[in-house]
Amino acid sequence: MMKKLIMCLICMLLIMSGCSSSQSYPSDYPSSPAVKMDEVLDIDVPQTDIKENDLYIVDYSKRNNGYITVRKKNNNEKLKIQIIKDEFAYTYDVDSNEFVGLPLQMQDGEYTIRVARNVVQKDYAIIDSFSINVTLESELEPYLYPNKIINYKKDSQVVKTSMDVCKNLDNDLQRIEKCYTWVINNMEYDENKVSEANSKYLIPDLDEVLEEKKGICFDYASLLCAMLRVQNIPTRVVCGNTDIDYHAWIEVYLEGKGWVNPDIFIDEKIWSRMDPTFADSKYDYDGTYEAIYYY
């Protein structure tokens, strides 16, 4: 606990120091038309391939588009769902009566889906387990749709914000830079939320984040990721370790470059990822990143 407190204090000091980066982005990136509202991607729930019982329903009809959806049927039950492939596993709470997307981001192959029910205190027992085969239409598919971590609908404020920020822009690099700058200029780091996040896992609520214009690294990353996915730009939230503490940042996919930070066009020897939290802190972080989870 003391170590976490010290790390939080260090983060706060970093957030209040340094100077911002205002680089000019290149203008020769290939032009592309602006995304229209009917082109904004959302999860689909056709329910052609499902698994269900009295407590939950999992729809895996869109597995080749890189996601499944799940909802709970009984509000009195606490459920978790685990998505497993090889040695990797992602666990999520099943806490909504509406279908929520969960990414299948571990490439092609057989996935195991497990559903667990709370039995006592923090203990869960597996009540169902089944396998699905996934052949992604593209490796980028899981990073184009909303999901539980980057959660929005077409009528969400984040969609309107992204459209407003990106209107009249000519190419994806400009759109990335504008969304990145907008988040940095409009968000404030929430110091009070840091201690809360140390005691429980906080899923970003993007409507709340936009309304309050405050958040921690997870909120910054999720918000920027959502704004770019609205523009049909493949983007992923990455959670892992830095030299300071556990952290969240984003990576963006650009044709011909792969998963990069757009700053790589300025100094490709330094940048390989986007980190809106450290950018907003005016801190030129040059330490290491260890990616653990991708969303």
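**Student:** Hey, could you go over the overall build of the chain for me, with residue numbers and the actual values?
**Tutor:** Counting its secondary structure elements, the chain contains seven helices and 14 strands. When burial is assessed residue by residue, the chain has 50% of its 295 residues classed as buried. For the chain, contacts bridging at least 24 residues in sequence account for 63% of all contacts bridging at least 6. About 15000 Å² of surface is accessible on the chain, with carbon and sulfur atoms providing 45% of the total.

**Student:** Please give an account of the packing of aromatic side chains that cites residues and values.
**Tutor:** Here the structure, examined in full by the defined rule, presents ten aromatic pairs. Between the aromatic rings of tyrosine 253 and tryptophan 259, the centroid separation amounts to 5.5 Å while the plane-to-plane angle is 70°, which identifies the pairing as edge-to-face. For the residue pair tyrosine 253 and tryptophan 259, the accessibility class agrees, reading buried in each case. Aromatic rings pair up to connect Tyr90, Tyr92, Tyr293 and Tyr295 into one cluster. One Lys or Arg, arginine 236, reaches over the ring of tyrosine 143 and ends 5.4 Å from the middle of that ring. Arginine 236 extends its terminal NZ or CZ atom over the ring of tryptophan 259, reaching a point 3.9 Å from the ring centre.

Definitions and limits used
- Residues numbered from 1 in each chain as written.
- Predicted model: local features only at pLDDT ≥ 70, side-chain atom pairs only at ≥ 80, totals over all residues.
- Heavy atoms only, no water.
- Helix = DSSP H or I, 4+ residues; strand = E, 2+ residues; numbered from the N terminus.
- Buried < 20%, exposed > 50% of the residue type's maximum accessible area, 1.4 Å probe, protein only.
- Contact = heavy atoms within 4.5 Å.
- Areas by Shrake-Rupley, 256 points an atom, 1.4 Å probe, with all protein chains shown as cover.
- Phe/Tyr/Trp six-rings, centres within 6.5 Å; stacked < 30°, edge-to-face > 60°.
- Lys NZ or Arg CZ within 6 Å of the ring centre and 35° of its normal.

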